[in-house]
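# A closer look at the structure
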Amino acid sequence: MNFISRSVCILFSLLAIQTPVLATSLQQSPFYVNGAYYHLDSKLVMGRIENIYYSGVEQLQGVGVPAKIDTGADTTSIHAINISIHSEHPTFSQLQGEELLEAIANTFGDPASEWWLSSFDTPERNIKATVKFDLVHPRTGELIPLERPLARLSGIQGRGDHGILYRPVVELALSAGDITVNTAVNLTDRSAFSYPILIGKTFLREQAWVDSSYDYLQQEPLARIIGTKETAYLDELPLAVSVSLKNRRTSLHASNIKIDDKKQHVSFEAEGKNQKTKMYSLPLLRMLKIGEHHHPLVNIPISFGQELKHLEVVLRDRSQRSTQLRLGKEALNQYFLIDLSAEYLTDQPLKSAMDVVKQAPLMITPEETLLINDVELPAEPSFSVNTSLLRVKTLKTLERSSSKQTLAAFSATDSQGKVYLFEQAIERNIVVGEVTRPVISPMIKYAGEYHQTEIALEQASSDDPEMLAIGEKFVTGSILINTRTSHILSKRNIVKAGYVEQAKVEDLAISVKLDTGADVSSMHAENLQYFEQDGNTMVTFTYSNAEGLKQQFTREVVDEMVIKARVGEKANSRPVVLMTVKLGEVTEIVKVNLQNRENFSYSMILGKNYLRHGFVVSSDKRFILTPKP
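Residues numbered from 1 in each chain as written. Predicted model: local features only at pLDDT ≥ 70, side-chain atom pairs only at ≥ 80, totals over all residues. Heavy atoms only, no water.

### Details of the packing of aromatic side chains
Cut-off, in case you're wondering: For Phe, Tyr and Trp, where Trp contributes only its six-membered ring, two rings pair if their centres lie within 6.5 Å, and the inter-plane angle classes them as stacked under 30 degrees, edge-to-face over 60, or tilted in between. Helix numbering and strand numbering both begin at the N terminus, where a helix is a DSSP run of H or I of at least 4 residues and a strand a DSSP run of E of at least 2. We call a residue buried when its accessible area falls under 20% of the maximum for its residue type, exposed when it is over 50%, and partly exposed in between, using a 1.4 Å probe and counting protein chains only. Think of it as a cone above the ring: NZ of Lys or CZ of Arg counts as a charge over the ring if it is within 6 Å of the ring centre and within 35 degrees of the ring normal.
Within this structure, the stated rule accounts for 7 aromatic pairs. Ring centres of F410 and F422 lie 5.0 Å apart, and the angle between their planes is 15 degrees; this geometry places the pair in the stacked category. Linking F410 in strand 30 (residues 405-413) with F422 in strand 31 (residues 419-425), this pair joins segments that are 12 residues apart in sequence. The exposure class assigned to F422 is buried, which follows from its relative accessible area of 11%. Arranged with centres 5.6 Å apart and planes meeting at 40 degrees, the rings of Y446 and F474 form a pair that is tilted. Of the two residues, Y446 is situated in strand 34 (residues 443-446) and F474 in the loop between strand 37 (467-470) and strand 38 (479-481); the sequence distance between them amounts to 28 residues. For the pair formed by Y446 and F474, the shared burial category is buried. Connected via pairs of aromatic rings, a cluster forms that spans F304, Y335 and F336. A cation sits over an aromatic face here: R190 above F193, 4.9 Å from the ring centre. The ring centre of F600 lies 4.8 Å from the NZ or CZ of R597, which sits over that ring.

### Some remarks on the sheet that holds strand 32 (residues 428-432)
Applied cut-off: The pairing criterion is simple: DSSP has to find at least two bridges between the two strands. Between N-to-C directions, angles cover 0 to 180 degrees, with each direction set by a line fitted to C-alpha atoms, over the stretch in contact for helices.
The strand order 32-33-36-28-37-27-26-34-35 describes an open sheet built from 9 strands, whose pairing is mixed. What marks the edges here is a single partner per strand, and that holds for strand 32 and strand 35 (449-452). Between one strand axis and the next, the sheet turns through 35 degrees on average, direction left out of account.

### Things to note about the side chain of Q424
Filter applied, for reference: Any two residues having at least one pair of non-hydrogen atoms within 4.5 Å are treated as being in contact.
Along the chain, the position of Q424 falls in strand 31. Of the residues examined, Q424 reaches a relative accessible area of 15% and is grouped as buried. Contacts of Q424, omitting those with residues within four sequence positions, involve N373, T406, L407, A408, I440, S441 and P442.

### What to know about the layout of surface pockets
Under the convention used in this document: Throughout, the protein atoms alone are placed on a 1 Å grid, and a set of points is a cavity if a 1.4 Å probe fits but cannot get out or a pocket if it is open with protein on both sides within 12 Å along at least five of seven lines; lining residues have an atom within 4 Å of a point. Grid points are joined across faces, edges and corners, and a volume is the space filled by probe spheres set on the points. Polar here means any residue other than Ala, Val, Leu, Ile, Met, Phe, Trp, Tyr, Cys and Pro, which are nonpolar, and Asp, Glu, Lys and Arg, which are charged; Gly is therefore polar.
Put simply, the second largest pocket is a space of about 1100 Å³. Among the elements of the structure, strand 3 (43-54), strand 4 (65-69), strand 7 (129-136), strand 21 (293-304), strand 22 (307-316) and helix 6 (329-335) are those that each provide at least two residues to the lining of the second largest pocket. Broken down by element, the lining of the second largest pocket gets its largest block of residues, 5 residues, from strand 22. Within the lining of the second largest pocket, the residues separate by chemical class into 25 nonpolar, 14 polar and 9 charged.

### Let's talk about the pattern of salt bridges
Defined as follows: Basic side-chain nitrogens of Lys or Arg form a salt bridge, by our definition, when they fall within 4 Å of a carboxyl oxygen of Asp or Glu.
Inspection of every chain in the model, using the stated rule, returns 17 salt bridges. A salt bridge links D41 to K496, with the shortest nitrogen-to-oxygen separation between them at 2.9 Å. Of this pair, D41 sits in the loop between strand 2 (37-40) and strand 3 while K496 sits in strand 39 (residues 495-497); the two residues are 455 residues apart in sequence, bridging distant segments of the chain.

### Things to note about the pairing of strand 47 (residues 572-583)
Direction of pairing for strand 40 (residues 500-505) relative to strand 47: antiparallel, over a ladder of 2 bridges. Looking across to strand 47, one finds that V505 is bridged to V581. As paired strands, strand 47 and strand 48 (residues 586-595) are joined by 8 bridges and run antiparallel to one another. What sits directly across from L578, in strand 48, is K591. Here strand 47 folds back onto strand 48, and the loop between the two strands holds 2 residues, one of which, G584, carries a positive phi near 65 degrees.

### Things to note about the sheet that holds strand 43 (residues 526-533)
Spatial strand order, 43-44-45: 3 strands in an open sheet with antiparallel pairing. Edge positions in the sheet fall to strand 43 and strand 45 (550-556), since each of these pairs with one other strand and no more. Across this sheet, the average inter-strand angle for adjacent strands is 20 degrees, counted without regard to direction. Bridge count between strand 43 and strand 44 (residues 536-544): 6 bridges; the pairing is antiparallel. Along strand 44, the bridge assignment pairs Q533 with N536.

### Structural notes on the environment of K258
Relative to the helices and strands, K258 is located in strand 17 (residues 250-260). With 38 residues separating them in the primary sequence, K258 and P296 have C-alpha atoms 9.4 Å apart. In this structure, K258 is in contact with H265, V266 and S267, ignoring residues within four places of it in sequence.

### Concerning the pairing of strand 10 (residues 164-176)
Of all 13 residues in strand 10, 10 are buried; the element is thus mostly enclosed. Bridging between strand 3 and strand 10 involves 2 bridges; their strand directions are antiparallel. Looking at strand 10, one finds that Y53 is bridged to S175. Where strand 10 meets strand 11 (residues 179-188), 8 bridges bridge the pair, whose relative direction is antiparallel. Residue pairing for strand 11: V170 is matched across the bridge by V185. Counted between consecutive antiparallel strands, the loop separating strand 10 from strand 11 contains 2 residues, among which G177 sits at a positive phi close to 55 degrees.

### Concerning the nonpolar core
To keep things clear, this is the line we draw: In this description, a nonpolar core means a group of buried Ala, Val, Leu, Ile, Met, Phe, Trp, Tyr and Cys residues linked to one another through side-chain atoms lying within 4.5 Å.
Counting 73 residues, the largest nonpolar core has F304, L325, L327, L370 and F474 as its most contacted members. Here L370 is in contact with V375, E376, L377, A379, I444, K445, Y446, L468, I470, F474 and L489, once residues within four sequence places are set aside. If you look at the next biggest cluster of nonpolar residues, it comprises 45 residues, including L60, V131, F133 and V185.

### Considerations on helix 3 (residues 97-108)
For clarity, the cut-off: Here the expected span of a helix is defined as 1.5 Å times the quantity of residues minus one.
With 12 residues, helix 3 extends 17 Å from end C-alpha to end C-alpha; this agrees with the ideal 16 Å at 1.5 Å per step. All of the buried residues along helix 3 are L100, L101, A103, I104, A105 and F108.

### So, the environment of E147
Within the fold, E147 resides in strand 8 (residues 143-149). Taking the C-alpha atoms as reference, E147 lies 9.8 Å from I83; in sequence the two are 64 residues apart. Apart from residues lying up to four places away in sequence, E147 is in contact with T130, V131 and K132.

### Comments concerning the confidence of the model for the chain
As a reminder, the rule being used: pLDDT expresses how confident the predictor is about each individual residue, on a scale running from 0 to 100.
With 88% of its residues at a pLDDT of at least 70, the chain reaches an overall mean of 87. Note on residues 1-36: pLDDT is under 50 here. Beyond four places in sequence and across chains, it has 103 contacts.

See the structure below:
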């Protein structure tokens with residue numbers, strides 16, 4: 001697998017290789033233009049999550065709003081509240097809201113028929129409808145009133161027996177990277193969803209590819225490099241800063257938290273690492289449930305050296321923690337890269353991603369897979385070790401009198417659950433507290449080349465499972481952690497695909513929809529019957545599609561997936577099983593949730609858990625990779 005050719009479209013995927021591995025120059029990449037944007041075939045390459053900008057709304061100029069980029073969505077949707085609709089057409093002038101939308105749909109036809117393309121523009125059917133709505137400023141909570149003509153309706157297929165849900169559609173100018181699109185957007189309350197904007201085909205068509213293995217791809221070249229420990233400032237309050245590679249949300253130490261539900265404000269007392277305090281009163285964005293407790297979410301400007309960043313932070317008691325501010329992945333993805341071997345970089349002007357292009361440091365992500373002595377083992381960066389540490393299944397030392405060598409005899413479990421046995425000479429021992437760790441120098445393959453580096457060994461435990469903890473001495477030079485993606489050291493070459501392709505699922509050849517908005521792949525299933533076998537929950541189900549294919553499967557239930565409900569619907573859970581999927585030359589065993597998809601156009605969708613294996617997806621073309629059946 002050629003790592004360099006796979007990563008040529010992505011800034012640090014192609015720069016992230018430590019000498020002696022050759023790094024391709026950023027400026028030579030055909031997908032890098034205009035200083036900070038990625039392109040493929042003259043189209044923008046967007047990650048699964050990106051900042052979107054409202055180009056025509058003065059109060060939101062320069063304010064990025066996080067959005068999910070979804071090739072499975074026909075329409076673009078934005079969070080709006082206080083939506084009201086009025087029509088001057090005599091047939092509809094006395095109607096409001098959902099009743100008005102249903103009357104328009106029933107009069108002129110099914111929204112899926114695209115009847116609006118002519119109906120809205122003809123004198124005899126000029127609906128003359130106006131939509132008033134409020135956007136919510138993501139930083140201040142301020143309501144921004146807007147008024148736009150009703151462009152058309154959006155008919156969203158409800159789950160279960162909910163039928164079609166109608167939403168008003170207006171035209172807005174939205175920007176991402178270096179493109180601005182005047183696009184149709186449907187208005188709805190998205191407060192229950194993770195992101196206030198959903199970008200669908202109405203924006204993406206003929207404009208962009210989507211790489212669902214990345215979040216905030218367009219932010220990557222703008223990222224600032226920080227150390228594993230920093231001091232940031234909330235006004236004049238110095239904050240000790242730590243980073244989390246697992247938690248999504250950023251948390252800020254706060255006490256005396258008081259919520260004003262009527263005004264939707266929260267007041268709290270922030271404390272710096274110098275024990276000085278200051279009171280704040282900020283708009284309440286929303287309450288988040290974390291564990292058994294609810295915590296307020298606010299947006300607050302925090303300085304990192306000379307850089308001011310607007311962060312969404314969860315307010316909570318961190319008095320028992322060593323830092324007042326812990327950066328989660330959402331903030332890291334938008335603003336930062338982490339230098340594993342450095343601390344307190346904010347004492348000097350922060351370097352950007354662009355500043356280290358020619359230095360070509362090694363880049364890793366929070367989840368990696370490396371070949372260690374030709375066995376594929378999981379790996380992740382660690383802030384607590386200097387010499388990298390391999391936690392193994394079993395470990396003992398052997399004395400070989402014939403060679404006068406001391407060997408480490410150990411076993412390790414690969415990524416497929418197979419156990420391998422190893423014997424390797426011990427180079428030296430290191431003592432950590434009361435524990436002595438043998439150090440070996442195995443051959444490690446990453447980015448297509450073999451390297452030899454020292455690794456300490458330790459027997460795994462229930463608290464510290466088997467894996468390689470990558471320390472700062474893994475290579476000579478810097479190691480940068482990029483939280484925007486995973487498995488960057490084993491990325492495949494780019495695979496261009498349409499939003500519909502022909503895939504082989506087990507032994508069935510079926511048309512599948514490539515859906516970058518879905519976390520987990522999903523397939524149609526009927527007649528689900530559960531039973532127990534050898535202590536495992538099993539399910540038998542029947543797959544069928546409109547082409548007449550029908551087959552029964554029996555699989556172990558490996559997970560249960562709760563699906564977040566749309567407004568007016570109830571959440572539901574689905575069993576998750578493992579299926580083998582082949583698309584083009586990519587074959588993977590992936591988790592698939594089972595649901596009745598008879599009301600959907602395609603009997604199966606491939607989500608992020610499959611598409612992350614090298615695919616960039618077009619939203620306007622089908623069957624790019626495979627022939628049309």
